[in-house]
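Coordinates in review
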Amino acid sequence: MFVSETSGGTPVIEITAEEHDAFLEREVRAATGLSAGEFRRAYLAGELDEADPSVTDLVGLLRIGQDGHGA
């Protein structure tokens, strides 16, 4: 992990793909009990309740790991 800040003082945290994967795994397991892979598969299959805020939060984390391109 690399931490810096913008000229305006906003913190910028850069993590590696491995660090993101580990973070995502912890967050998904804590919220759903599923692995990140199981969650991704269930989401893509339409098996999760998208009205559940925890699902939408986790999907956002999936997209961050994909540079915003899909889950």
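These notes cover the structure that comes with them. (Residues numbered from 1 in each chain as written. Predicted model: local features only at pLDDT ≥ 70, side-chain atom pairs only at ≥ 80, totals over all residues. Heavy atoms only, no water.)

Side note on a nonpolar patch on the surface
Taken together, the side chains of Met1, Val3, Ile13 and Ile15 present a nonpolar region at the surface, about 420 Å² in accessible area. One can find Ile13 in strand β2 (residues 11–14). Classification of Ile13 by relative accessible area gives exposed; the value is 54%. (Patch = residues over 30% accessible without salt bridge, like charges linked within 9 Å, V, L, I, M, F, W, Y side chains within 5 Å. Areas by Shrake-Rupley, 256 points an atom, 1.4 Å probe, with all protein chains shown as cover. Salt bridge = Lys/Arg side-chain N within 4 Å of Asp/Glu carboxyl O. Helix = DSSP H or I, 4+ residues; strand = E, 2+ residues; numbered from the N terminus. Buried < 20%, exposed > 50% of the residue type's maximum accessible area, 1.4 Å probe, protein only.)

Some points on the nonpolar core
Listed in full, the 10 residues of the largest apolar core are Leu24, Val28, Ala36, Phe39, Tyr43, Val55, Leu58, Val59, Leu61 and Leu62. Counting only elements with at least two residues in this core, the list comes to α1 (17–32), α2 (36–44) and α3 (53–65). At five residues, α3 tops the list of elements feeding residues into this core. Contacts of Val28, omitting those with residues within four sequence positions, involve Gly33, Leu34, Ser35, Ala36, Phe39 and Leu58. (Core = buried A, V, L, I, M, F, W, Y, C linked by side-chain atoms within 4.5 Å. Contact = heavy atoms within 4.5 Å.)

Here's the deal with the environment of Thr56
Here Thr56 is to be found in helix α3. Sequence spacing of Thr56 and Tyr43 is 13 residues, and the spatial spacing of their C-alpha atoms is 9.9 Å.

Section: α2
Restricting attention to buried positions, one finds in α2 the residues Ala36, Phe39, Ala42 and Tyr43. Each buried residue of α2 sits inside an arc of 130° when the element is viewed along its axis, so together they form one side. Positive phi shows up at Gly46, right after α2, with a value of about 75°. (Arc of directions from axis to C-beta.)

Focus on the pattern of salt bridges
Going through the model one piece at a time under the given rule, you end up with two salt bridges. Here Glu25 makes a salt bridge to Arg29, at a shortest N to O gap of 3.0 Å. Note that Glu25 and Arg29 are positioned in helix α1 at a spacing of four residues, about one turn of the helix. On the accessibility criterion, Glu25 (26% relative accessible area) is partly exposed. Residue classification places Arg29 among the partly exposed residues on the basis of a relative accessible area of 44%. As a salt-bridge pair, Arg41 and Glu47 come within 3.1 Å of each other at their nearest N and O atoms.

So yeah, pure geometry; function would need other evidence.
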